[in-house]
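Per-entry structural report
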Amino acid sequence: MQPIHILLLIAGYFAVLMLISYFTGKDDSNEIFFKASKQSPWYLVAFGMIGASLSGVTFISVPGWVEGSQFSYMQVVFGYLVGYFVVAYVLLPIYYRQNVTSIYQYLEDRFGVVSYKTGAFFFFVSRVLGASFRLFLVAIVLQQFVFDAFGVHYVITVIISILLIWIYTNRGGIKTIVWTDTLQTLFMILAVCLSIYFITSELNWSFGDFLASDEFKKYNKTFFTDSLLAKNHFLKSFIGGMFITICMTGLDQDMMQKNLTCKSLKDAQKNMVSFSIVLVGVTFLFMLLGALLYIHAGKFDIGIPLMDGSPKTDLLFPEIALNGGLGITLAVTFFLGLIAAAYSSADSALTSLTTSFCVDFLDLEKRPEAEQKKLRKKTHIWMSVLLVIVVIAFKYILTSNVINSLLVVAGYTYGPLLGLFAFGIFTKFQVKDKYVWIVTVISVVITAILGNIPAEALGGYQVGYELLPINGLITFLGLVLIRSQKN
């Protein structure tokens, strides 16, 4: 597939998104941008959230991770499933009862202004980094397989990618996102299914032959229970996955903003439960695809692509799809899936960052109505600029697999949110609000120290994704120390 063909494909895809944006953004009000007037059908939100949750990280990075980790990621995913039920039946009722625009407004009602701003700050950092991880993936693929051929610098690639998102989210905001996410999820699931079909056909296998093959058995170990010291032990992965979901979905303005556009709490809960079950199945398809990619690479002597001179497993899927001689249909399918996966999470991230910064830091809802829309539009632009800067920086500082990096960072940035919300929900204490930010900073520092202790110093114990609940527990204990009885 030639670079010019890929450019035409991208142009056609974004033309469709612009058309959706035109119809959903006719009412350019803040009520539409932030809440979609609470009129989104629950099943539409549920289907679209699959794409937003998986994103380009799952689409590229999870299949590339299979050789090094086999199917151990599914242990984390099973933890996700439990976490989604906690979100549906513990957190969503609180948000609907308080009718919040930003979920961190709960912290202001419960503890005070400092707690509110602290929670919003940690979300802001978390979402900037998370969205940048996802955008970085699509940017390096576009750079390596498209824009390098035209001599376009990586910086320009990033700017173009984020500019396109800004254009189609600028008016309709979350209402546009609900509809574009649905289309993007459809493309992504179609892409992974067709990729599995084309690669198995190239190997002269049926799907059943693939599952029964000796080659597949080299990659499909799912449960690791041999040693609790190991980073990928089932309990550590499962518990870590559960808390990752509670934090990265239930305590995340991006994911919750979509749920809060549903007509009622009951609809939002139906959305969350159905979405979580489907998500497990779709993620398993990505694991199967990863095994197929490595089997195909081994049979046809395809090496791991290099980026800046180093092997990059995240690029194996695009390398086989675009340069593996499997035909134009797979190449087109791959790029549609990639673009859909990347932008389904990045566009909602940009919208939620704009929402959070406007509501949580600029107190938009307290400003004169005539000033609100202008302020929202300016913030939307500056959030785009911020993402450009961070995505460019990642090219020079990121060394490990992106999905692993994303989950590790979540342990540091979402832990304080976990501690704050847990203390608010499960205790009746107030806190000395002015000290809350100090507690959260100390918690992150202690967690960072624990996370970097060599395994040898811990008797061979490798710290994994359990860092997130540990961080949350430290924050919770710190809040106990500054508690008060005042109502």
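Structure: above.
I will try to describe carefully the structure that is included in this document. Everything quoted here is computed from the prediction, not taken from an experiment. (Residues numbered from 1 in each chain as written. Predicted model: local features only at pLDDT ≥ 70, side-chain atom pairs only at ≥ 80, totals over all residues. Heavy atoms only, no water.)

1. With respect to the overall build of the protein
- A tally of regular secondary structure across the protein gives 20 helices and four strands.
- Within the protein, the fraction of its 487 residues that count as buried is 59%.
- Sequence-distant contacts in the protein: of pairs separated by 6 or more residues, those separated by 24 or more amount to 86%.
- Accessible area for the protein stands at about 18,700 Å²; split by element, carbon and sulfur atoms hold 66% of it. (Helix = DSSP H or I, 4+ residues; strand = E, 2+ residues; numbered from the N terminus. Buried < 20%, exposed > 50% of the residue type's maximum accessible area, 1.4 Å probe, protein only. Contact = heavy atoms within 4.5 Å. Areas by Shrake-Rupley, 256 points an atom, 1.4 Å probe, with all protein chains shown as cover.)

2. Considerations on the side chain of T413
- Tracing the backbone through its elements, the reader meets T413 in helix α17 (residues 402-413).
- Assessed through its relative accessible area of 10%, T413 is described here as buried.
- Polar contacts involving the side chain of T413 include one to the side chain of S126, which spans 2.9 Å.
- When residues no more than four places from it in sequence are discounted, the contact partners of T413 are F122, V125, S126 and L129. (Polar contact = N/O pair within 3.5 Å; in protein donor to acceptor, adjacent residues only side chain to side chain.)

3. As for the environment of I162
- Locating I162 in the fold gives a position in helix α7 (residues 154-169).
- Every residue in contact with I162, bar those within four places of it in the chain, is listed here: L135, S384, L387, V388 and V391.

4. Comments concerning unusual backbone geometry
- Unlike most non-glycine residues, N204 shows phi in positive territory, near 60°.
- Among the secondary structure elements, N204 is positioned in the loop between α8 (174-202) and α9 (207-212).
- On the basis of relative accessibility, which here comes to 70%, the residue N204 falls in the exposed class.

5. So, helix α6 (residues 113-145)
- If you check α6, its first and last C-alpha atoms are 48 Å apart, about what 33 residues at 1.5 Å a residue would give, namely 48 Å.
- The buried count for α6 comes to 26 of 33 residues, which makes it a mostly enclosed element. (Expected span 1.5 Å × (residues − 1).)

6. With respect to helix α4 (residues 73-98)
- A rise of 1.5 Å per residue sets the reference length of α4, with its 26 residues, at 38 Å; its end C-alpha atoms lie 36 Å apart and thus fit the reference within 8%.
- Considering bend angle alone, the principal kink of α4 is centred on L91 and spans about 40°; proline P93 follows within four residues of it.
- Trailing α4 by a residue or two, N99 shows a phi angle of about 50°, which is positive. (Bend = angle between axes of the 7 residues up to and from the residue.)

7. Digging into the packing of aromatic side chains
- Counted according to the given criterion, the structure contains 25 aromatic pairs.
- Centroid distance F423 to F476: 5.2 Å. Interplanar angle 65°. Geometry classified as edge-to-face. With a gap of 53 residues between them, F423 in helix α18 (residues 415-426) and F476 in helix α20 (residues 467-481) connect regions that are remote in the sequence.
- Three or more aromatic residues joined by ring pairs form one cluster here, namely F71, W205, F207, F210, F216 and F284. (Phe/Tyr/Trp six-rings, centres within 6.5 Å; stacked < 30°, edge-to-face > 60°.)

8. So, a nonpolar patch on the surface
- There is a patch of nonpolar side chains on the surface, built from Y435, W437, I438, V441, I442, V445, I446, I449, L450 and I470 and spanning about 830 Å² of accessible area.
- In terms of residues, the nonpolar patch owes the most to one element, helix α19 (residues 436-451), which gives eight residues.
- Assignment of secondary structure puts L450 in helix α19. (Patch = residues over 30% accessible without salt bridge, like charges linked within 9 Å, V, L, I, M, F, W, Y side chains within 5 Å. Salt bridge = Lys/Arg side-chain N within 4 Å of Asp/Glu carboxyl O.)

9. Side note on the packing of helix α13 (residues 265-299) against helix α14 (residues 316-323)
- Orientation of α13 relative to α14, taken along the N-to-C sense of each, is 60°, at an axis distance of 10 Å. In this view, α13 runs oblique relative to α14, as classed from their interaxial angle. Considering how the two elements wind past one another, α13 and α14 form a crossing that is left-handed. For the pair α13 and α14, contact is made by L289, L293, Y294, H296 and A297 and by L316, F317 and I320, respectively. (Axes fitted to C-alpha atoms, helices over the stretch in contact; angles between N-to-C directions. Parallel < 35°, antiparallel > 145°, perpendicular 65-115°, else oblique. Left-handed = near helix turned anticlockwise from the far one by under 90°.)

10. What about the pattern of salt bridges?
- Under the counting rule described, the total for this entry stands at six salt bridges.
- Here K217 ties to D214 by a salt bridge, and the two come within 4.0 Å at their closest N and O atoms. Here D214 and K217 lie together in helix α10 (residues 214-217), a separation of three residues that amounts to about one turn. Per residue, the accessibility class of K217 equals that of D214, and both read exposed.
- Of the charged contacts in the structure, one is a salt bridge between D267 and K270, with a shortest N-O distance of 3.5 Å. Of this pair, D267 and K270 both sit in helix α13, three residues apart, which is roughly one turn of that helix.
- Using a relative accessible area of 36% as the deciding quantity, one classes K270 as partly exposed.

11. Section: the environment of S102
- Relative to the assigned elements, S102 resides in the loop between α4 and α5 (105-110).
- In the structure, S102 is positioned 250 residues away from S352 in sequence and 9.0 Å away in space, judged by C-alpha atoms.
- Residues contacting S102, with those up to four places away along its chain left out, are Q253, V359 and D360.

12. Remarks on the side chain of S384
- Checked against the element boundaries, S384 lands in helix α16 (residues 369-397).
- Here the side chain of S384 touches H380 through a polar contact of 2.9 Å, landing on its backbone oxygen.

13. Some points on the environment of V66
- Along the chain, V66 turns up in helix α3 (residues 42-69).
- Residues V66 and L292 lie 226 residues apart in sequence; the distance between their C-alpha atoms is 9.7 Å.
- Setting aside residues up to four positions removed in sequence, V66 forms contacts with F71, Y219, M287, G290, A291 and Y294.

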